[in-house]
Amino acid sequence: MTETEGILTEVLPTLLIGAAGAALFWAIGFPAAVLTGPAAAVSLATLLGLRSRVPLGLRDAVFLVIGISIGSTVTPEVVATALAWPVSLAILTGTLVLVLVLVRAILAHGFGYDPLTALLAATPGHLSYVLGLSTDLKADVPRVALVQSVRVLLLTLLVPVLISLWGAEGTAYLPDRGTMSPVSALAVFGLAVALGLVFRRFGVPAPLLLGAMAASAAGHGSNLTPGALPPWATTVAFVVMGSLIGTRFRGLDRRGLLGAFAAGAAATFVACAVAAAGAVLAARIVDLPPAALLLAFAPGGVEVMAALAVETGLEPAFVAAHHVFRLVVLSVLMPIVLARRRVP
């Protein structure tokens, strides 16, 4: 199949289904519709046999747009709030360890996973890192991939609902920021790509997203690049991001799908409960809405949770910082845990 044929038969249908899902979820009033709608629609279509695909170049462009949107929310108020972040980061670390312990036990004793596969499937977020470890350590990679994919999908759908039920209203979008000038946008995008390539060279997870966040935060924090990206740009980025989530089910073993979905649902429920408890505790100390803390603590991927924070307007910089910190903790913690288990 040529690239042109692939675009017509795989990419275009994926994006059209994603856009239709966004429109449907918006019509029924589902929270964060432009992200959750495409995730649900493309996931369903993929499970029904669609060869869904989002090209790497388009994915990278979306990461840049979302990263710049997050960085543009950096304000003096956000910097002031950062003084309280060590407290919430400590609570986040505690919830992370608790999730690993509880979910690993559930998968091992409730679903018959071997100890290594249960541990890797229980690891919240950092999907590429976890799958890499699973392959190197000869764990049950399909089971790990299925549980992790179910977790991402359910969190994308459930977290906005929980936030809505919590009655939270985001404040990250300020009405008087205006639109970023073409010169400023070009400068930020150029720096974002450069930083992203540097991060990728050093093996940093989600390098383009983090590079864009850093470049945008520097430009907006210094007021050198004021303004926000046009709303249409972020809307398109969210639709593509949601569609990308749905493509994760492509090629997965359907025979084990039902069992993996049950395991993933149980793992997600427990992880969400622990995250919500941690968010309530942290909200008593940090002067931020519990819903923002739930987004920061939710065991989803940094890209998805950061996108939800932008879409809902709930402290995107704060949320993104916590998810990046979680990736760092997992990168350090997992080799230690695996070494103590004496896994060859």
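All figures in this text were calculated on a predicted structure; none of them were measured in a lab. (Residues numbered from 1 in each chain as written. Predicted model: local features only at pLDDT ≥ 70, side-chain atom pairs only at ≥ 80, totals over all residues. Heavy atoms only, no water.)

S.K.: Just checking my understanding: could you explain the overall build of the chain for this structure?
M.R.: Each helix and strand counted, the chain has 15 helices and zero strands in total. Counting all 344 residues of the chain, 52% fall into the buried class. Put simply, of all contacts in the chain between residues at least 6 apart along the chain, 78% involve residues at least 24 apart. (Helix = DSSP H or I, 4+ residues; strand = E, 2+ residues; numbered from the N terminus. Buried < 20%, exposed > 50% of the residue type's maximum accessible area, 1.4 Å probe, protein only. Contact = heavy atoms within 4.5 Å.)

S.K.: What's the story with a nonpolar patch on the surface in this structure? I'm lost.
M.R.: Taken together, the side chains of Leu8, Leu12 and Leu16 present a nonpolar region at the surface, about 300 Å² in accessible area. For Leu12, the location among the structural elements is in helix α1 (residues 3-27). By relative accessible area, Leu12 is classed as partly exposed at 39%. (Patch = residues over 30% accessible without salt bridge, like charges linked within 9 Å, V, L, I, M, F, W, Y side chains within 5 Å. Areas by Shrake-Rupley, 256 points an atom, 1.4 Å probe, with all protein chains shown as cover. Salt bridge = Lys/Arg side-chain N within 4 Å of Asp/Glu carboxyl O.)

S.K.: Hey, could you run me through the packing of helix α3 (residues 56-71) against helix α9 (residues 182-201) in this one?
M.R.: For any two helices packed against each other, one specifies the crossing angle of their axes together with the interaxial distance. Where α3 meets α9, the axes come as close as 11 Å, and the angle between the chain directions of the two elements is 115°. Relative to α9, α3 is oriented roughly perpendicular. The way α3 lies across α9 gives a crossing that is right-handed. Where α3 approaches α9, its residues Arg59, Asp60, Leu64, Val65 and Ile68 are matched on the opposing element by Val188, Phe189, Ala192, Val193 and Arg200. (Axes fitted to C-alpha atoms, helices over the stretch in contact; angles between N-to-C directions. Parallel < 35°, antiparallel > 145°, perpendicular 65-115°, else oblique. Left-handed = near helix turned anticlockwise from the far one by under 90°.)

S.K.: Any chance you could explain the side chain of Ser69 here in plain terms?
M.R.: Its location among the elements puts Ser69 in helix α3. Dropping the residues within four chain positions of it, Ser69 is found in contact with Leu229, Thr234 and Val310.

S.K.: Any chance you could explain the environment of Val42 here in plain terms?
M.R.: Within the fold, Val42 resides in helix α2 (residues 33-47). Sequence separation of Val42 and Arg53 is eleven residues, and the distance between their C-alpha atoms is 9.7 Å. Leaving out residues up to four positions away in the same chain, Val42 has contacts with Thr14, Ile17, Gly18, Ser52, Ser243, Gly246 and Thr247.

S.K.: Would you explain the confidence of the model for the chain in this entry?
M.R.: Close inspection of predicted coordinates is inappropriate in any region flagged by low pLDDT. Looking at the chain as a whole, the pLDDT averages 82, with 85% of positions reaching at least 70. Across residues 170-176 the pLDDT falls below 50, and counting only partners more than four positions away or on other chains, this stretch makes twelve contacts in the model. (pLDDT = per-residue confidence, 0-100.)

S.K.: Honestly, α3 in this entry has me stumped. Any pointers?
M.R.: The α-helix winds at 3.6 residues per turn, so residues separated by three or four positions along the chain end up facing the same way. Taking 1.5 Å of rise per residue, 16 residues should cover 22 Å, and α3 covers 22 Å from first to last C-alpha, within 8% of that figure. Buried within α3 we find Asp60, Val62, Phe63, Leu64, Val65, Ile66, Gly67, Ile68, Ser69, Ile70 and Gly71. (Expected span 1.5 Å × (residues − 1).)

S.K.: Teacher, can you tell me more about the packing of α1 against helix α11 (residues 231-247) here?
M.R.: Running from N to C, α1 and α11 cross one another at 115°; their axes reach a closest spacing of 9 Å. The angle between the axes of α1 and α11 places the two elements in the roughly perpendicular class. Crossing geometry of α1 relative to α11 is assigned as right-handed. In this structure, α1 uses Thr14, Leu15, Gly18, Ala19 and Ala22 to contact α11, whose residues at the interface are Val239, Val240, Ser243 and Thr247.

S.K.: Can you walk me through the nonpolar core in this structure?
M.R.: One recurring pattern in soluble globular proteins is that nonpolar side chains are buried together. Formed by 73 residues in total, the largest nonpolar core has its most connected members in Ile66, Met241, Leu295 and Phe297. It is helix α8 (residues 141-165) that provides the largest number of residues to this core, a total of eight residues. One finds Leu96, Ala108, Ala139 and Ala263 within the second-largest nonpolar core, a separate group that totals 27 residues. (Core = buried A, V, L, I, M, F, W, Y, C linked by side-chain atoms within 4.5 Å.)

S.K.: Explain the environment of Ala306 to me, please; I cannot follow it from the model alone.
M.R.: Note that Ala306 resides in helix α14 (residues 302-312). Overall, the relative accessible area of 0% leaves Ala306 in the buried class. Separated by eleven residues in sequence, Ala306 and Ala317 have C-alpha atoms that sit 8.2 Å apart. If we skip the residues at most four places from it in the chain, Ala306 touches Ile70 and Ala320.

S.K.: Quick question: what am I supposed to make of helix α10 (residues 207-221) here?
M.R.: For α10, built from 15 residues, the straight-helix expectation of 21 Å at 1.5 Å per residue is met to within 8% by its first-to-last C-alpha distance of 21 Å. With eleven of 15 residues buried, α10 is to be regarded as a mostly interior element. Residues of α10 that are buried include every one of Pro207, Leu208, Leu209, Leu210, Gly211, Ala212, Met213, Ala215, Ser216, Gly219 and His220, and no others. Positioned one or two residues after α10, Asn223 has a phi angle of 65°, which is positive.

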